[in-house]
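Single-letter residue listing:
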Amino acid sequence: MLTLAANFPDGSGYVLAAYLVFAALLLVYLGITAYRLLGLEKRLTKLTEEVDGLERQRAHDATASEHEEEVKLS
Amino acid sequence: MTAAGPRPPRTTPTRTAVAALLRKELLLERRVPQVLPAMALFSVVTFVVFRFALDTTSVEGRTASGVLWVTLLFAAMLGAGRLFVADHEEGGIDALLLAPVDRTALLIAKAITFVAFLALVEVVAVPVFVVLLLEPGLSIADVGRLALVLLLADIGIAVIGTLFGALAIQTRARDLILPLMALPLLVPVVIMAAKATAPVLAVTGSGAPGGRYLAVLCLYDLVFGLLAYAVFDFLLDD
Amino acid sequence: MYSAKLRTLALATVITLTGAFVLAAYYAPIEADQGFSQKIFYVHVPMAIVALGGFVWGGIQGLLYLRTRDPKHDMRSYVAIHMSVILGIGVLVTGGIWARSAWGVWFEWREATLVSFLIVFLLYCTYQPLRFSITDPEKQSRYAAVFAVTAGTFVPLNFIAVRLANPFIHPRVLNNTTGGALPTDMKIPFYLALIGMTLLFVTLSRVEMTHKLTRGRVRGLERRLERLQGESDPAGLPARSAAPQVMA
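Residues numbered from 1 in each chain as written. Chains lettered and ligands numbered in written order. Predicted model: local features only at pLDDT ≥ 70, side-chain atom pairs only at ≥ 80, totals over all residues. Heavy atoms only, no water.

The line we're drawing: UniProt positions are given in the numbering used here, feature names are shortened, and annotations may be inferred rather than shown by experiment.
You'll find chain B entered in an unreviewed UniProt entry as Heme exporter protein B, with Paraconexibacter antarcticus given as the organism. Here chain B is described in UniProt, under the heading Subcellular location (unreviewed entry), as follows: "Cell inner membrane". Check the Sequence similarities (unreviewed entry) section of the UniProt entry for chain B; it says "Belongs to the CcmB/CycW/HelB family."

An unreviewed UniProt entry annotates chain A as CcmD family protein of Paraconexibacter antarcticus.

See the structure below:
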């Protein structure tokens, strides 16, 4: 692009600017998409943690009740 | 007694429903004049604003046409915003949905009401405009030409105003969103109407409005009239 | 499920668009009338055509939604209009740059295509605010579809009206695209760029839809988990917990 600009000085700045606008638009879109993906990832991490917590609690509850049953039986 | 038909016998014909709805609208406006005085007053105030904003005591030709159409269009936006307010607040639409009538009767009645309102406003606003601002004055032939353009433009404005008035009434930001949607949609109407009106209001020998502008206005009215007829049903809740 | 298709699409987009722009830079001849700045044509015009096509496509999908009430069509209509508005910003900015280089002004009111595009763009700018101002999701889809259908019809009609408004003062390259008077060595990069831009539109639409669907699923999972936690929460609903039931 730069060599082109040197070869055709008339109006090449405008051409470069127009294509840069297109590139910038794509980049901004990409950036927003990446940002939203980050938010989604955060929510998924929180979800995973909550599921882990739930599972741990269930396991704990189950062992506790088993223990209680054992106490009752004995 | 022709009960042997596929359609239920107790359906009111659309024409009767439209007539009844029209009577209701006009009665409402006659009992408690709300929309019409506001639209007319707004038009006159806008002419005064234009006199000072343009810093001129008289206009002609294209400027005159522009002043007239901007004023009428914004007055129409004012009216379109109020078109469904009473029905929405008093439950008139629900009552209509319960009645055994075709729903598009409401669209037709509202659009005719709106055209009538616009025409009545213009009956006040155009003479005021001629007296206050228009330089050349209007001959009888000019009045006829202007009336034709006004009528064609009014139909387009009324169709869009009714359709988007019904759409905007359900939104939270109805007064904000209606002109934002309707004004770009009405730009072709303004283009054609202003183009057609400019020679009529010109100081140097008034001319007839260009036929193709009127033709496009007709096309616009037809296309959006049919479209509104097709999609209006979906704007009413079941 | 989406990823394989998306990867192919994205790859095709990158190859086609890059190829088209390289061809536009090195293969396409310098236009005699406008010189080098005519090269803006290869990014501006495809973008405009795809954006307008996207608006009309959004209207068609809106119509399909009204007929079938399938949320899929509402989603497609929404995404098409969303992407077209984004492309529309690019069209207006590149158009302004082109007008500046060719005629010395940032906006040319006598250029009917540019003016029509501005009007259409302004109209579609209200699509998002409209959706946001309707709370009920079903109603939102329905009303947005009505808007999309009306605005989609408006696009061609508006072009006729604006074209009639003024006689042509600048019958430049833009008119050649429809007349087919473009020389072959300009046609090839142009149509390639058009295909590339369409592919870009499709790719980004897919990305957008995938994102929306994924977000919906995450939201659904969050709600389900909340319900589960509510059930197992001993302070909230003690009787439903597993351990006390065994005790009883």
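Here the narrative resumes.
1. With respect to the overall build of chain A
Threshold: Helix numbering and strand numbering both begin at the N terminus, where a helix is a DSSP run of H or I of at least 4 residues and a strand a DSSP run of E of at least 2. Only protein chains enter the accessibility calculation, which uses a 1.4 Å probe. A residue is then buried if its area is under 20% of the maximum for its type, exposed if over 50%, and partly exposed in between. Note on areas: Shrake-Rupley with a 1.4 Å probe; residue coverage comes only from the protein chains shown.
When its secondary structure is counted, chain A shows two helices and zero strands. Per-residue burial over chain A gives 20% buried out of 74 residues. Of the roughly 5400 Å² of accessible surface on chain A, a fraction of 68% belongs to carbon and sulfur atoms.

2. Focus on the interface of chain C and chain B
As a reminder of what qualifies: Residues are treated as being in contact if the distance between any of their heavy atoms lies within 4.5 Å. Using a 1.4 Å probe, buried area is obtained as the accessible area two parts lose upon being combined, added over both of them. Salt bridges are identified by distance alone: a Lys or Arg side-chain nitrogen within 4 Å of an Asp or Glu carboxyl oxygen. What qualifies as a polar contact is a pair of N or O atoms within 3.5 Å, subject to a donor-acceptor requirement within protein and to the restriction that residues adjacent in sequence count only when both atoms come from side chains.
Each side of the interface is counted separately: chain C has 27 residues, and chain B has 31 residues. Buried surface at the junction of chain C and chain B, both sides included, amounts to about 2700 Å², of which 76% is carbon and sulfur. The largest share of the area that chain C buries against chain B comes from C:Tyr143, C:Leu157 and C:Leu164, three residues that together contribute 22% of it. Along the contact surface separating chain C from chain B lie zero salt bridges. Across the contact surface, chain C and chain B share five residue pairs in polar contact (both at pLDDT 80 or more). If you list the elements that add at least two residues to the side of chain C that touches chain B, you get α4 (112-124), α5 (127-132) and α6 (137-165) of chain C. The element contributing the most residues to the side of chain C that touches chain B is α6(C), with 15 residues.

3. A few points about the interface of chain C and chain A
For clarity, the threshold we go by: Under the convention adopted here, Pro, Cys and the residues Ala, Val, Leu, Ile, Met, Phe, Trp and Tyr are nonpolar, Asp, Glu, Lys and Arg are charged, and Gly plus all remaining residues are polar.
The partner chain A presents 31 residues to the 45 residues of chain C that form the contact. Interface of chain C and chain A: buried area, both sides summed, is about 3400 Å²; carbon and sulfur atoms make up 74% of it. In terms of surface lost to chain A, no three residues of chain C exceed C:Phe36, C:His211 and C:Leu225, which account for 18% of the buried area on that side. Linking chain C to chain A there are two salt bridges. Note that C:Glu222 is salt-bridged to A:Arg43, the shortest N-O span being 3.1 Å. At the surface where chain C touches chain A, the tally comes to four residue pairs in polar contact (both at pLDDT 80 or more). Only α1 (2-26), α2 (41-68), α3 (71-103), α8 (184-232) and α9 (242-247) of chain C provide two or more residues apiece to the side of chain C that touches chain A. With 17 residues, the single largest contributor to the side of chain C that touches chain A is α8(C). Grouping the constituent residues of the side of chain C that touches chain A by class yields 29 nonpolar, nine polar and seven charged.

4. Here we look at the packing of helix α3 (residues 61-82) of chain B against helix α6 (residues 104-132) of chain B
Working note: a packed helix pair is described by the angle between its axes plus the distance between those axes. Residue and element names in this part refer to chain B. Counted only if it meets this: What counts as an axis is a line fitted to C-alpha atoms, over the stretch in contact for a helix, and the angles between N-to-C directions run from 0 to 180 degrees. By the definition used in this description, the sense in which the near helix is turned from the far one sets the handedness, with an anticlockwise turn below a right angle giving left-handed and a clockwise turn giving right-handed.
Axis separation between α3 and α6 bottoms out at 11 Å; the angle between their running directions is 140°. The two elements α3 and α6 meet at a crossing, and its hand is right-handed. Contacts between α3 and α6 involve Ala64, Val67, Leu68, Leu72, Ala76, Gly79 and Ala80 on the former and, on the latter, Phe114, Leu118, Glu122, Ala125, Val126 and Phe129. Split by residue class, the contact of α3 with α6 holds eleven nonpolar, one polar and one charged.

5. Examining unusual backbone geometry
Even without glycine at this site, B:Asp55 takes up a positive phi of about 50°. According to the relative accessible area criterion, B:Asp55 is exposed, its value standing at 61%. A positive phi angle, close to 60°, is found at C:Arg69, a residue other than glycine. Along the polypeptide, C:Arg69 turns up in the loop between α2 and α3. Here C:Arg69 falls in the partly exposed class, since its relative accessible area comes to 33%.

6. Focus: the side chain of C:Thr150
As for its position among the elements, C:Thr150 is in helix α6. We classify C:Thr150 as buried; its relative accessible area is 0%. A polar contact is formed between the side chain of C:Thr150 and the backbone oxygen of C:Val146, at a distance of 2.7 Å. Excluding anything up to four places from it in sequence, C:Thr150 contacts B:Leu163, B:Phe164, B:Phe224 and B:Leu227.

7. Comments concerning α4(C)
Which entries qualify depends on this criterion: A helix's residues, less one, multiplied by 1.5 Å, set its expected span.
Helix length check: α4(C) (13 residues) gives 18 Å between terminal C-alpha atoms against 18 Å at 1.5 Å per residue, within 8%. When you tally the buried positions in α4(C), you get ten out of 13 residues, the bulk of the element. All of the buried residues along α4(C) are C:Ala112, C:Leu114, C:Val115, C:Ser116, C:Phe117, C:Ile119, C:Val120, C:Phe121, C:Leu123 and C:Tyr124. In this fold, the buried residues of α4(C) make contact with α8 (174-197) of chain B together with α2, α3, α5 and α6 of chain C.

8. Examining a positive patch on the surface
Here is the rule we go by: Grouping into patches uses exposed residues only, defined as over 30% relative accessible area, and leaves out salt-bridged ones; the cut-off is 9 Å for like charges and 5 Å for nonpolar side chains (Val, Leu, Ile, Met, Phe, Trp, Tyr). Charge counting treats Lys and Arg as positive and Asp and Glu as negative, with His and both chain ends excluded. Charge positions come from single atoms, namely NZ of Lys, CZ of Arg, CG of Asp or CD of Glu.
There is a patch of like positive charges on the surface, built from C:Arg219, C:Arg223, C:Arg224 and C:Arg227. Mapped onto the fold, C:Arg224 is located in helix α8.

9. Some thoughts on a nonpolar patch on the surface
Residue and element names in this part refer to chain B. A cluster of nonpolar residues, Val48, Phe52, Val131 and Leu132, forms a patch on the protein surface that exposes about 410 Å² of accessible area. Sorting the residues of the nonpolar patch by element identifies α2 (35-53) and α6 as the ones contributing at least two each. Tracing the backbone through its elements, the reader meets Phe52 in helix α2. A relative accessible area of 57% means that Phe52 is categorised as exposed.

10. Notes on the packing of α3(B) against α8(B)
All names here are of chain B. Packing of α3 against α8 leaves a shortest axis separation of 10 Å and a crossing angle of 145°. When you trace α3 past α8, the crossing you get is right-handed. On α8, the residues touching Ser65, Trp69, Leu73, Phe74, Met77, Ala80 and Gly81 of α3 are Leu178, Pro179, Ala182, Leu183, Leu186, Val190, Ala193, Ala194 and Thr197. The class makeup of the residues in the contact of α3 with α8 is 13 nonpolar, three polar and no charged.

11. Details of the nonpolar core
Under the convention used in this document: To qualify as a nonpolar core, a set must consist of buried Ala, Val, Leu, Ile, Met, Phe, Trp, Tyr and Cys residues joined through side-chain atoms within 4.5 Å.
Among the nonpolar cores identified, the biggest contains 152 residues, and B:Phe114, B:Phe129, B:Phe164, B:Phe224, B:Phe232, C:Tyr124 and C:Phe147 are the most heavily contacted of them. When residues in this core are grouped by element, the largest group, 16 residues, is from α6(C). If sequence neighbours within four positions are ignored, C:Phe147 has contacts with B:Phe164, B:Leu167, B:Met181, C:Leu123, C:Tyr124, C:Thr126, C:Tyr127 and C:Leu130. Among the nonpolar cores identified, the runner-up in size contains five residues, and A:Leu47, A:Leu54, C:Val218 and C:Leu225 belong to it.

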